[in-house]
Amino acid sequence: MFERVRTVALIEAISYMVLMVAMVLKYAADQPVGVQIMGPIHGVIVLIYVGVLWQLRSSLGWDHQRLITAIALGALPLGGFWVERNWLAVRQAHESCGGGDQPIREACRRR
């Protein structure tokens, strides 16, 4: 489960970066084809990102506020990387340490 969410978050963040490069090329080099291709692709990836987060919010132990924050961070450059690194990877490490509902232990953070 965590791998699926983490993968989607990373793909969303990477597609956002590629779209930003395409936008620079569109305006700096008058090459709009990159945005014409990446725009719709990134849009579909964002919808998948939101859908996966929505489906797995209870499994992740997220309330509505954290879900909305994760979706909003996905709209920022590098926000998907932040969500993946600071919330999803930490949660996955916590679960692999057998943490359950216990607070995240220091040993799990170092993994």
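Residues numbered from 1 in each chain as written. Predicted model: local features only at pLDDT ≥ 70, side-chain atom pairs only at ≥ 80, totals over all residues. Heavy atoms only, no water.

Asker: Help me understand the overall build of the protein chain in this model?
Answerer: Scanning the protein chain from terminus to terminus reveals five helices and zero strands. Reading the protein chain from its N terminus to its C terminus gives the helix and strand order α-α-α-α-α. When the 111 residues of the protein chain are sorted by exposure, 32% land in the buried category. A fraction of 52% describes how many contacts in the protein chain between residues 6 or more apart in sequence connect residues 24 or more apart. Surface accessibility of the protein chain: about 6900 Å² in total, with carbon and sulfur atoms responsible for 63%. (Helix = DSSP H or I, 4+ residues; strand = E, 2+ residues; numbered from the N terminus. Buried < 20%, exposed > 50% of the residue type's maximum accessible area, 1.4 Å probe, protein only. Contact = heavy atoms within 4.5 Å. Areas by Shrake-Rupley, 256 points an atom, 1.4 Å probe, with all protein chains shown as cover.)

Asker: Explain a nonpolar patch on the surface here, please?
Answerer: A grouping of Leu10, Ile14 and Val18 is seen on the molecular surface, where their side chains present a nonpolar patch of about 220 Å² in accessible area. Assignment of secondary structure puts Val18 in helix H1 (residues 2-28). (Patch = residues over 30% accessible without salt bridge, like charges linked within 9 Å, V, L, I, M, F, W, Y side chains within 5 Å. Salt bridge = Lys/Arg side-chain N within 4 Å of Asp/Glu carboxyl O.)

Asker: Mind showing me how you'd approach the pattern of salt bridges here?
Answerer: Enumeration according to the criterion identifies two salt bridges in this entry. For Glu3, the salt bridge goes to Arg6, with nearest N and O atoms at 3.8 Å. Here Arg6 and Glu3 lie together in helix H1, a separation of three residues that amounts to about one turn. Residue classification places Glu3 among the partly exposed residues on the basis of a relative accessible area of 45%.

Asker: For this particular structure, what's the right way to read the side chain of Glu84?
Answerer: In this structure, Glu84 sits in helix H4 (residues 79-96). Setting aside chain neighbours within four positions, we find Glu84 in contact with Arg6, Ala9, Leu10 and Ala89.

Asker: Which parts of the structure should I look at to understand the packing of aromatic side chains?
Answerer: For any pair of aromatic rings, the description consists of the separation of the ring centres together with the inter-plane angle of the planes. Applying the stated criterion to the full structure yields zero aromatic pairs. In this arrangement the basic side chain of Arg57 is found over the ring face of Trp54, its NZ or CZ atom lying 4.0 Å from the centre. (Phe/Tyr/Trp six-rings, centres within 6.5 Å; stacked < 30°, edge-to-face > 60°. Lys NZ or Arg CZ within 6 Å of the ring centre and 35° of its normal.)

Asker: What's the story with helix H2 (residues 33-60) in this structure? I'm lost.
Answerer: Residues three or four positions apart in an α-helix share a direction because the helix packs 3.6 residues into each turn. In a regular helix each residue adds 1.5 Å, so 28 residues correspond to 40 Å; H2 covers 38 Å between its end C-alpha atoms and thus fits that length. The complete set of buried residues in H2 reads Val35, Met38, His42, Ile45, Tyr49, Val52, Leu53, Leu56 and Leu60. One or two residues past the end of H2 sits Gly61, with phi positive at roughly 80°. (Expected span 1.5 Å × (residues − 1).)

Asker: I'm lost on the packing of H1 against H2 in this one. Help?
Answerer: Axes are the key here: two packed helices are described by the angle between their axes and the distance separating the axes. Contact geometry for H1 and H2: axes closest at 9 Å, N-to-C directions at 155°. Classed by the angle they form, the pair H1 and H2 counts as roughly antiparallel. In this structure, H1 crosses over H2, and the sense of that crossing is left-handed. When its residues are assigned to classes, the contact of H1 with H2 shows 20 nonpolar, five polar and three charged. (Axes fitted to C-alpha atoms, helices over the stretch in contact; angles between N-to-C directions. Parallel < 35°, antiparallel > 145°, perpendicular 65-115°, else oblique. Left-handed = near helix turned anticlockwise from the far one by under 90°. Nonpolar A, V, L, I, M, F, W, Y, C, P; charged D, E, K, R; others polar.)

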